[in-house]
Amino acid sequence: MLRATRSGVDHVTHVVADHTLLGRDDELRRVAIVVGNARNGRGGSLSIAGDPGIGKTSLLTAATTGLTGVLLVSVDGYEAESTMPFAAIQRLVLPLRDHLAELPERYQQALRVASGAVSGAPPDRFLVGLSVLGLLGMVGQSVPVVAVVDDAHLLDPESLDALAFVGRRLEAESAALLFAGRDLPEYAAQMAGVDSLRLAGLPADAAIRLLTRSLSEEIDPAVAIQVATATGGNPLALVDLADELTVGQLTESSLGEEPVPIGRHLESFYLRQVRLLGEDVRLWLLVAAADSTGDLDLISSAAHELSLSPEAADGAEAAGLVELGRTVRFRHPLVRSASYNAAHGRDRRRVHRALAAIADKTGLTELGAWHAAKATLGTDEVVAQRLEDVADLAAERGGYASRARVLVQASALTPPGPRKYARLVSAAEAALAAGTAQLAKTLIDEIDEDALDPVSRGRLAMLGAEHALFTADPSVVHGCATLLDAAALFHGEADDLEQRALLKAWECALPSERLTVGVAWTDFGERLGRGADVREGAAATILRALSALVLRSYDEAVPAMRDAVAAFDAMDAEDMLAFGHSSIALTTALWDLEARHRFLERWAAAARDAGSLQQVDNALWVLSLTETVGGTPRRAVRYMEQVRELRRAIGYDAEHVVNVAVLAWSTATRDQVLALTEMIHAMGFGGVQGSAMAALATVDLADGQYDAAYTKLKPFVDDPFFHVTQMMWPDFAEAAVRSGHAAEAQEVADQLESRARVNGSPWARGVAARTRALVCEDAEAEPHFAEALALLAGTRAEVDLGRAHLTYGEWLRRRKRRKDARAQLHAAAEVFAGTGAAPFVERGCRELEAAGEPARAATDGHLPLLTPQERTVAELAAAGRTNAEIGATMFLSPNTVDYHLRKVFQKLAISSRRQLADRLGQAT
């Protein structure tokens, strides 16, 4: 047998007591390695998947039985709890509750709310997962902990998502997570990213040995091979066939050469056993199977409610179908299935009514509603309302996937009419909130829109648009118009929903921009203004600012936009979570670089604190995108690495995640980026295509390809889109003046200066001064360069500062002032190297050589020895973040952050964060 030890895994060469594990040495070793790593502070996880009877539970039991010096925690999945959000998490945390107080308060609160112990803001399942990760890390500091989750496919989806999240992030904790579940596509999808072991049938020799050991007499080897082949080496099938059939019957049986459907075969076998029992025993087994929680007291009470004899339970145990203790455990899940399926429908409904009555008496509201639904034939509004109440409870605990499932049941039990479809609308909303986009779409397609009231029709329209945004569907081009229709349906009925729909319409217009279908922009701006008047508050202030941006001249719009900036500054985390996305356009329109970054970071932080990883993902994407205009490529890449880290944490493929505008900064990928932009444009994402083309044009300027940059930017400048196009003006002016279009360059420079005077932004004024220096007469340029350098110094617009040094140095070189030129060009090279602006580094080096000095290799803090994850940890640590803050940012435990930092220090031969900051060229 294999056992985990402090030094790893020892292989003990004696016969495994459980014969169903014959030939499983390699599989046992895989499990034991995970357990051994937990002992050594190298936490990990393993998901074991396979068919019924394949030996998953036996494998886990063999690998964990008899462990010493380890805290073993076990959780089983139950069908009756599959719609009770975080039910499994509650049972997992219970034996670890003494360590809860050691967690940060928000993690404690998330676990308490998820378990229903206290009321509070519904926690996202991934925040709960991060809390469990922290809890296991805390416990592991005292004693290694191994958590075993059996029948994981039956867990409620919130618990399974949270635990899978934990499994993906265990790296440097004295903890291990072992899962066992059915080999089902939906289970595999939820466990994506967790190391997996698919358990197949026993090898032929082991299957034959198991069969012969289980028989009371010898069997012909040829027959044994045939039986082993027919069962696919399924251990339980082999053992139960040996129990049921004699050697003669096996020899004469009709088992063919091909494997039989084991699940159906075994269930039929157990079904025959159940039907041989007395009526009271069969009915008791039905109660136990229908309950599926294993609670012996509840089962006994329900059996008493049905006037069953107390001896019925003993009869079921004597038949070898269950084991009785503090709980009821079936011999195998297929025994439970057979016990349930052997009964007539009327008996099943009678049993569920009894279980519902007992659950209600004991205050088990959710369980009672579940059984009441199972006991219902046809429709029943009373029971449907009970389920809706349970769904509301699920939402309070952050269980949106469970809420969706329960509301689907409630809708099925609702008599035809508006209420039936309104519940499906609510179910689809919950499904989308849980990230199950396909379920949401399926539910949307089932809804009869004509049967809905106006508010529900508006909610349905919003759902369609939000689904398109969430899935990046080409129908997003219609999203803005759809949301305006939704706002019209809400008008006079639900003011908050009307304003939310209008803000979402603006958000929906940004990815498509000029490709938006069915919207006249003037009408849109007026509608935003009217929406602001229906109800005062933060939403109204933002709507007025957006309306002004669309309708008014720039100088007239600025006061309203500044009012909105003040409103964002005054928002708490909850409001920032709701409105943060709207800050992008308004701060960009104002050229308020510091406010834009501040609000986006607050939006991301609020989303992290709430555990809303979909919003975190969105915020990080936007942060990465905004760094390509008014920031640095290096920070843009860092934010994209955080996006990838997040997606790895939640089980998505992260290796091919790209931000096209960021990718455009690499000259090696220019052809691929051009191909991507064409595809993106064809899909309707005009805004995304525009940002990528603008980035490509910037790189063209770095390469001296001024005609190419002009050609790329000209269509966008000629067809302006609100706050977006002005960001292209500086590059367009440089491209135009250097490609023979001086008049156009002058016009854009004038517009830039006009806006800079109105908004007063140092960034806008600095970029406008640099642009003026490029388009004016050579003799007049120097004061403008000096002004640009003074204004841009100290802002986040580091690449723009570098470009001011560069263009000033180029001007000085042309004026034969080579010494002054070299000083500016060296300054530019250092800025570009430090910001990761590789194309401009190359241009700066060329200019230095032209100025008579070989370019020095600039130090940029780039750390090629480090993995992307280590580099991100290093940059955050150098910026002064604590391990806990880095962990929250990257969805890691503080232990794992410490582990990565130790590796960074070792690789770089340093010993402190200050040395790390110096190495990266950052201030701590």
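Residues numbered from 1 in each chain as written. Predicted model: local features only at pLDDT ≥ 70, side-chain atom pairs only at ≥ 80, totals over all residues. Heavy atoms only, no water.

### Considering the packing of aromatic side chains
The way to describe two aromatic rings as a pair is by their centre distance and the angle between their planes.
And then number 1: Enumeration over the complete set of coordinates arrives at 15 aromatic pairs.
And then number 2: Taking the centre distance of 5.3 Å and the plane angle of 20 degrees together, the rings of Y710 and F732 count as stacked. Residue Y710 is located in helix α37 (residues 706-718), and its partner F732 is located in helix α39 (residues 729-737); the two are separated by 22 residues in the primary sequence.
And then number 3: By way of ring pairs, the aromatic residues W506, W521, F524, F721 and F722 are connected into one cluster.
And then number 4: When the ring centre of Y639 is taken as reference, the NZ or CZ atom of R638 above it lies at 5.6 Å. (Phe/Tyr/Trp six-rings, centres within 6.5 Å; stacked < 30°, edge-to-face > 60°. Helix = DSSP H or I, 4+ residues; strand = E, 2+ residues; numbered from the N terminus. Lys NZ or Arg CZ within 6 Å of the ring centre and 35° of its normal.)

### A few points about unusual backbone geometry
And then number 1: Phi is positive for D151, close to 50 degrees, though the residue is something other than glycine.
And then number 2: Considering the arrangement of structural elements, one finds D151 in the loop between β5 (145-150) and α6 (157-169).
And then number 3: Here the phi dihedral of E513 falls at roughly 50 degrees; this positive angle occurs in a residue that is not glycine.
And then number 4: Inspection of the secondary structure puts E513 in the loop between α25 (495-512) and α26 (521-532).
And then number 5: Using a relative accessible area of 6% as the deciding quantity, one classes E513 as buried. (Buried < 20%, exposed > 50% of the residue type's maximum accessible area, 1.4 Å probe, protein only.)

### A look at the environment of W591
And then number 1: Note that W591 resides in the loop between α30 (583-589) and α31 (593-610).
And then number 2: Note on W591: relative accessible area 2%, which makes it buried.
And then number 3: Counting along the chain gives 165 residues from W591 to A756, while the straight-line C-alpha distance between them is 8.3 Å.

### Quick look at the confidence of the model for the protein
And then number 1: When pLDDT is averaged across the protein, the result is 88; 93% of the residues are at 70 or more.
And then number 2: Confidence drops under a pLDDT of 50 for residues 1-17, and excluding neighbours within four residues, the segment shows 41 contacts in the predicted structure.
And then number 3: Note on residues 254-261: pLDDT under 50 across the span, and 15 contacts to partners over four residues away in sequence or across chains. (pLDDT = per-residue confidence, 0-100. Contact = heavy atoms within 4.5 Å.)

### A word on the sheet that holds strand β3 (residues 44-50)
And then number 1: As summarised here, the arrangement of the 5 strands in space is β4-β5-β6-β3-β7, forming an open sheet in which the pairing is parallel. Since the sheet does not close on itself, it has two edges, and those belong to β4 (71-76) and β7 (196-199), each with one partner. The mean angle between the axes of side-by-side strands here comes to 15 degrees, regardless of whether they run parallel or antiparallel.
And then number 2: With 5 bridges joining them, β5 and strand β6 (residues 175-182) adopt parallel strand pairing. Residue pairing for β6: A147 is matched across the bridge by L177. (Pairing = 2+ DSSP bridges. Axes fitted to C-alpha atoms, helices over the stretch in contact; angles between N-to-C directions.)

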